[in-house]
Amino acid sequence: MTTVDLPLLPLGRGSDRLSERGVECPGDLPAVSDPDLVARARAAKAALGDRVFVLGHHYQRDEVIQFADVTGDSFKLARDAAARPDAEYVVFCGVHFMAESADILTGPQQQVVLPDLAAGCSMADMARLAQVEDAWDALVDAGVAEQVVPVTYMNSSADIKAFCGRNGGAVCTSSNADVALEWAFEQRGPGTKVLFLPDQHLGRNTAVLKMGMSLDDCVVWNPHLPGGGLTVEQLRDARMVLWKGHCSVHGRFTADVVDRVREEVPGVTVLVHPECTHDVVTRADLVGSTEFIIKTVEAAEPGTAWAIGTELNLVKRLAAAHPDKRVVFLDKTVCYCSTMNRIDLPHLVWALESLVAGTVVNRIQVDADTEHWAKVALQRMLDLPGRSHRD
Ligand code: 13P
Ligand code: SF4
């Protein structure tokens, strides 16, 4: 087994180019207290005009999302980025793996900027290429690799997506994981298995709740244990080999808070993201991607009550946008996604003003070979027949 050390770097210090983790943010950032930040962002955007396209993930701060030309979940933003070949600069207000996907899906003349390079994703960091290659070797040794289709969640680094592309697999997002799994299980006949990276919860929830598998069809590969902590028989019997990764935000919701909110808010409908644990998802009323959550609350009758289990910036905006409905956060002890929150107004202003001055800062550029194979896996996702029935 390859040893991969994963000490967390202090955000914004040091560098690790192979990881989603924080690297330095060079240059002079405007002060957070600068009263002109909004006016400066507005002026820089106006000066750049159609040359810049600003994408904002739903988990971004209000101060940033107000400058997004489009907002969306990771699936929608990947498509939106690909649909603007005329924009010279794509400023991605989201996290590193999303900016990488935007770079892969945009043309070579377009430059993708991530306003703060410390905006990584702890889940994406839980699957490193060397670890995934070790797991694949174990599947080869167990004599099952030919039956395995690797599927990676969008929330993974470009080299993991490229691994999937090279090995006949695809990317999925939380809004099309079921469609991607249906596709994957058709690829190698009746004995097909899926290696699902890196979010065990999305993999398990989709396999069991949408594909009709049992929990016993799923095993968890722990990259920190020899042989993933699994026997050869377990690998041979499993239909889903789930990577032991999780989201550090959604993974914090617990099953008992679902029961508690039902006691506290009469008639509440509990709506959660599929990155939550299986216990939470099975206790909830509805489960779906960020876009599904937004559309469901938008379509709800006035006077209805909703407890939402996803990132706090989004839940607060939903509550503010729907004063005729009661929208509460599922668990007050769960906080913002700290890496999504790295993108703040000073970083956005700094990135935009640098572009106006002719300097491209924090460019995200995926190398040509990784880009080629990651694009194969992304394209397989974009070619899937429609999105989940729930969206
Ligand atoms: P979606 O944008 O696919 O809903 O994923 C949620 C998430 O955790 C993004 O980091
Ligand atoms: Fe990663 Fe979770 Fe933050 Fe999304 S919400 S960027 S999966 S840590």
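Residues numbered from 1 in each chain as written. Chains lettered and ligands numbered in written order. Predicted model: local features only at pLDDT ≥ 70, side-chain atom pairs only at ≥ 80, totals over all residues. Heavy atoms only, no water.

Per an unreviewed UniProt entry, the protein chain goes by Quinolinate synthase and derives from Nocardioides perillae. Taken from UniProt, the Pathway (unreviewed entry) comment for the protein chain reads in full: "Cofactor biosynthesis; NAD(+) biosynthesis; quinolinate from iminoaspartate: step 1/1." Regarding the protein chain, the UniProt comment filed under Sequence similarities (unreviewed entry) reads as follows: "Belongs to the quinolinate synthase family. Type 3 subfamily." (UniProt positions renumbered as here; feature names shortened; annotations may be inferred.)

Enquirer: Provide a residue-level description of the pattern of salt bridges, including the pertinent values.
Expert: Following the criterion strictly, the structure yields 13 salt bridges and no others. Close ionic contact of Arg51 with Glu88 constitutes a salt bridge, the shortest N to O distance being 3.0 Å. One end of the pair, Arg51, is in the loop between helix H1 (37-48) and strand E1 (52-57); the other, Glu88, is in the loop between helix H3 (74-82) and strand E3 (89-93), and 37 residues separate them in sequence. Glu88 gets classed as partly exposed once you look at its relative accessible area, which sits at 30%. The residue Arg260 makes a salt bridge to Asp256 at a minimum N-O spacing of 3.5 Å. Of this pair, Arg260 and Asp256 are both found in helix H11 (residues 255-264), four residues apart, which corresponds to roughly one turn of the helix. (Salt bridge = Lys/Arg side-chain N within 4 Å of Asp/Glu carboxyl O. Helix = DSSP H or I, 4+ residues; strand = E, 2+ residues; numbered from the N terminus. Buried < 20%, exposed > 50% of the residue type's maximum accessible area, 1.4 Å probe, protein only.)

Enquirer: Could you give an account of the nonpolar core, with specific residues and numbers?
Expert: Residues Val91, Phe196, Met240, Val270, Val272 and Leu330 are the most contacted members of the largest nonpolar core, which totals 136 residues. Excluding anything up to four places from it in sequence, Val91 contacts Val52, Phe53, Val54, Leu55, Val113, Pro115, Leu348, Leu352 and Leu355. (Core = buried A, V, L, I, M, F, W, Y, C linked by side-chain atoms within 4.5 Å. Contact = heavy atoms within 4.5 Å.)

Enquirer: Please set out the site of ligand 1 residue by residue, giving values where relevant.
Expert: Every one of the 13 residues lining ligand 1 counts as a neighbour, but His57, Ser74, Ser174, Glu275 and Thr290 are closest to it. Note that an oxygen atom of ligand 1 is positioned 2.9 Å from one of the side-chain N or O atoms of Ser74. In this structure, an oxygen atom belonging to ligand 1 sits 3.0 Å away from a side-chain N or O atom of Glu275. Protein burial of ligand 1: of its 300 Å² of free accessible surface, 96% is covered by the chains. A class-by-class count of the residues in the shell around ligand 1 yields five nonpolar, six polar and two charged. (Near = heavy atom within 4 Å. Polar contact = N/O pair within 3.5 Å; in protein donor to acceptor, adjacent residues only side chain to side chain. Areas by Shrake-Rupley, 256 points an atom, 1.4 Å probe, with all protein chains shown as cover. Nonpolar A, V, L, I, M, F, W, Y, C, P; charged D, E, K, R; others polar.)

Enquirer: How would you summarise the sheet that holds strand E11 (residues 286-287) if you had to cite specific residues and measurements?
Expert: Strand order in the open sheet made by the four strands is E11-E10-E12-E13, with parallel pairing throughout. Pairing within the sheet leaves two strands with one partner each, and these edge strands are E11 and strand E13 (326-329). With four bridges connecting them, strand E12 (residues 305-309) and E13 associate as parallel partners. If you follow Ala307 over to E13, its bridge partner there is Val328. Contacting strand E10 (269-272), E11, E12 and E13, helix H13 (residues 290-299) crosses the sheet at an angle of about 155° to E10. (Pairing = 2+ DSSP bridges. Axes fitted to C-alpha atoms, helices over the stretch in contact; angles between N-to-C directions.)

Enquirer: Outline the UniProt feature "binding site: [4Fe-4S] cluster" (unreviewed entry) in the protein chain, listing residues and values.
Expert: Mapped onto this numbering, the UniProt entry annotates "binding site: [4Fe-4S] cluster" (unreviewed entry) at Cys121, Cys247 and Cys337. Judged by maximum C-alpha separation, these annotated positions cover 217 residues in sequence but sit close together in space, the widest gap being only 9.4 Å. Structurally, the position occupied by Cys247 is in the loop between strand E9 (240-243) and H11. When sequence neighbours within four positions are dropped, the list of residues in contact with Cys247 reads Met123, Asp199 and Glu275. By relative accessible area, which is 15% here, Cys337 ends up buried. Ignoring anything within four residues of it in the chain, the contact list for Cys337 reads Val249 and Glu311.

Enquirer: Hey, could you go over the pairing of E10 for me, with residue numbers and the actual values?
Expert: Sheet topology places E10 next to E12; four bridges connect them, and they run parallel. Within E12, the residue paired with Thr269 across the bridge is Trp306. Two elements, E10 and E11, share two bridges in a ladder whose sense is parallel. Across the sheet, the residue bridging to Leu271 is Leu286, located in E11. Chirality of the crossover, the property in question, places the unit of E10, helix H12 (residues 278-283) and E11 among those that are right-handed. (Right-handed = clockwise from strand over helix to strand, strands pointing away.)

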